[in-house]
Amino acid sequence: MSTITTKDGTHIYYKDWGSKDARPIIFSHGWPLSADAWDAQMVFFANHGFRTIAHDRRSHGRSDQVWDNNNMDQYADDLAELIEQLDLHDIILVGHSTGGGEVTRYIGRHGTARVAKIGLIGAVPPLMLKTESNPGGLPIDVFDGIRKGTYDNRSQFFKDLTIPFYGYNRDGAVISEGIREEFWRQGMMGGLKGQLDSIRAFSESDFHQDLKAFDKPTLVLHGDDDQIVPIGASAHSTVKIVKHAVLKVYEGADHGLTQTHQDRFNADLLTFIKA
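Right, let's walk through the structure included here. Numbering of residues begins from 1 in every chain and follows the order in which that chain's sequence is written. For a predicted model such as this one, the threshold for reporting local features is a pLDDT of at least 70, and the threshold for listing and counting side-chain atom pairs is 80 or more; totals across whole chains, interfaces and linings nevertheless cover every residue. Note: side-chain values were computed over all heavy atoms of the structure, leaving out hydrogens and water.

1. Details of the packing of helix 4 (residues 140–165) against helix 5 (residues 177–189)
For helices, the fitted axis covers only the stretch in contact; all axes are lines through C-alpha atoms, and the angles between them, taken along N-to-C directions, range from 0 to 180 degrees. Here a helix means four or more residues in a row that DSSP labels H or I, a strand means two or more in a row labelled E, and each is numbered from the N terminus. Where helix 4 meets helix 5, the axes come as close as 9 Å, and the angle between the chain directions of the two elements is 135°. By the angle class used here, helix 4 and helix 5 are oblique. Seen along the crossing, helix 4 lies across helix 5 with a hand that is right-handed. For the pair helix 4 and helix 5, contact is made by Arg 154, Ser 155, Phe 158, Lys 159, Asp 160, Leu 161, Thr 162, Ile 163 and Phe 165 and by Arg 180, Phe 183, Trp 184, Gly 187 and Met 188, respectively. Basically, the charged four are Asp, Glu, Lys and Arg, the nonpolar ten are Ala, Val, Leu, Ile, Met, Phe, Trp, Tyr, Cys and Pro, and anything else, Gly included, counts as polar. Here the residues of the contact of helix 4 with helix 5 sort into 7 nonpolar, 3 polar and 4 charged. Any angle between 65 and 115 degrees counts as roughly perpendicular, while under 35 counts as roughly parallel, over 145 as roughly antiparallel, and the rest as oblique. Helix crossings are classified by the rotation of the near helix relative to the far one: an anticlockwise turn of less than a right angle makes the crossing left-handed, while a clockwise turn makes it right-handed. What makes two residues a contact is simply this: any of their non-hydrogen atoms within 4.5 Å.

The structure is reproduced here in structure tokens:
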């Protein structure tokens, strides 16, 4: 296993595929998953001449399960340490869902000196929580329900979550039990405390100021039938803040579109990177 050790002593697991001399793409995963969520993309882009890297967020996957510091600032700092310890430059940063928040906070805290392009996929910025200034967000009751389901019986909750996550509750949807089981497997690898803390991190973190720091080409890609991160308070709001961002909407697509629309997504991301 490949790991780095952060300044606070946490071991962060990562995969590093393709030629070490190639241009790097770093993939940041969503909640409650792991780097394994990006396997198909890592193979695809490594086969297209890129170096592909994905890490398990602290308290997720094979990284250390820590009691403290399961928050967005620390996630971003962990990403920065990974980038610095591997001495990466000219990076394409791609984040899905919570990973999009991690990437966004990284830009806000560490800048874009090592970054060439950014992809926010079904991402949580600028703010998921409904507030007076963010009326399009989701009420706190939604996230309290996620907390309760995860705490009471996360095994069953993760299984149930796959239905709206992949749009399997829509007419004509073809359900993959393999995808559902893989989601469950990845979720159950993580630590309960960190996963609970992460719910606050992805739902209550305000990324408006971080997005204002974006000065690199940015792809904002979202499904308009995303039942987990509604497109209105996320992608549509993000492109109003990030100058020159490219918005690509998949009509009828779900939150897990990197898998349910895998070939289309890979091709669109490759086109953006090469543009």
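2. Here's the deal with the layout of surface pockets
Only protein atoms enter the 1 Å grid used here, on which a cavity is any set of points holding a 1.4 Å probe that cannot leave and a pocket is any open set flanked by protein within 12 Å on both sides along at least five of seven lines; residues with an atom within 4 Å of a point are listed as lining. Grid points are joined across faces, edges and corners, and a volume is the space filled by probe spheres set on the points. By volume, the largest pocket amounts to about 250 Å³. Every residue lining the largest pocket is counted, 18 residues in all, and those nearest its centre are Ile 146, Leu 161, Phe 202, Gln 227 and Ile 228.

3. Comments concerning helix 2 (residues 72–85)
In this analysis, the expected span of each helix is defined as 1.5 Å times one less than the number of residues it contains. Compared with an ideal rise of 1.5 Å per residue, which puts 14 residues at 20 Å, helix 2 spans 20 Å between its outermost C-alpha atoms and is within 8% of the ideal. Only protein chains enter the calculation, and the probe is 1.4 Å; a residue is then buried if its accessible area is under 20% of its type maximum, exposed if over 50%, and partly exposed in between. Of all the 14 residues making up helix 2, 11 are buried; the element is thus mostly covered by neighbouring parts of the structure. Three or more residues of helix 2 are buried, namely Met 72, Gln 74, Tyr 75, Ala 76, Asp 77, Asp 78, Leu 79, Ala 80, Glu 81, Leu 82 and Ile 83. Polar contacts here mean pairs of N or O atoms no more than 3.5 Å apart (in protein, one a potential hydrogen donor and the other a potential acceptor; neighbouring residues in sequence count only if both atoms are side-chain atoms). N-cap assignment for helix 2: the residue whose side-chain oxygen lies 3.3 Å from the backbone N of Asp 73 is Asn 71.

4. Quick look at empty space enclosed by the protein
As enumerated under the stated definition, the model contains 4 cavities of 30 Å³ or more in all. If you trace the largest cavity, you find it lined by His 29, Gly 30, Leu 33, Ala 37, Trp 38, His 96, Phe 165, Tyr 166, Gly 256, Thr 258 and Gln 259. Residues that form the lining of the largest cavity fall into these classes: 5 nonpolar, 6 polar and no charged. Quantified by volume, the second largest cavity comes out at close to 50 Å³. Along its surface, the second largest cavity is lined by Val 124, Leu 127, Met 128, Gly 136, Gly 137, Leu 138, Val 229, Pro 230, Ala 233 and Ser 234. Partitioning the lining of the second largest cavity into residue classes produces 7 nonpolar, 3 polar and no charged.

5. With respect to the sheet that holds strand 7 (residues 218–223)
Pairing between the strands of a sheet is mediated by backbone hydrogen bonds and can be parallel or antiparallel. Here, strands pair whenever DSSP counts at least two bridges between them. Strand order in the open sheet made by the 8 strands is 1-2-4-3-5-6-7-8, with mixed pairing throughout. If you trace the sheet from one side to the other, it starts and ends with strand 1 (2–5) and strand 8 (246–250), each paired once. Between one strand axis and the next, the sheet turns through 20° on average, direction left out of account. Bridge count for strand 3 (residues 24–28) against strand 5 (residues 91–96) is 4 bridges, and the pairing is parallel. In the strand pairing of strand 5, Phe 27 is matched with Val 94.

6. Topic: the environment of Thr 150
Along the chain, Thr 150 falls in helix 4. Between the C-alpha atom of Thr 150 and that of Asn 169, which follows or precedes it by 19 residues, the distance is 21 Å. Residue contacts for Thr 150: discarding those within four places in its chain leaves Trp 31, Phe 157, Phe 158, Leu 192, Leu 196 and Ile 199. In terms of polar contacts, Thr 150 uses its side chain to reach the backbone carbonyl oxygen of Ile 146, at 2.8 Å.

7. Observations concerning the pairing of strand 2 (residues 11–17)
Counting buried positions along strand 2 gives 5 out of 7 residues, so the element sits mostly inside the fold. Remark: 5 residues form the turn of the hairpin made by strand 1 and strand 2, two consecutive strands paired antiparallel; Gly 9 in that turn has positive phi of roughly 85°. Note that strand 2 and strand 4 (residues 51–55) share 4 bridges and pair antiparallel. Following the sheet pairing, Tyr 14 is matched in strand 4 by His 55.

8. Brief notes about the pairing of strand 4
Most of strand 4 sits out of view: 5 of its 5 residues are buried. Where burial is concerned, the two faces of strand 4 agree: the one with Arg 51, Ile 53 and His 55 and the one with Thr 52 and Ala 54 are both buried. Bridge analysis of strand 3 against strand 4 gives 4 bridges, and the strand direction is parallel. Across the sheet, the residue bridging to Phe 27 is Ala 54, located in strand 4. For a crossover, the right-handed case is the one in which the path from the first strand over the helix to the second runs clockwise, viewed with the strands pointing away from the viewer. Where the polypeptide runs from strand 3 across helix 1 (residues 39–47) and back to strand 4, its parallel neighbour, the crossover connection is right-handed.

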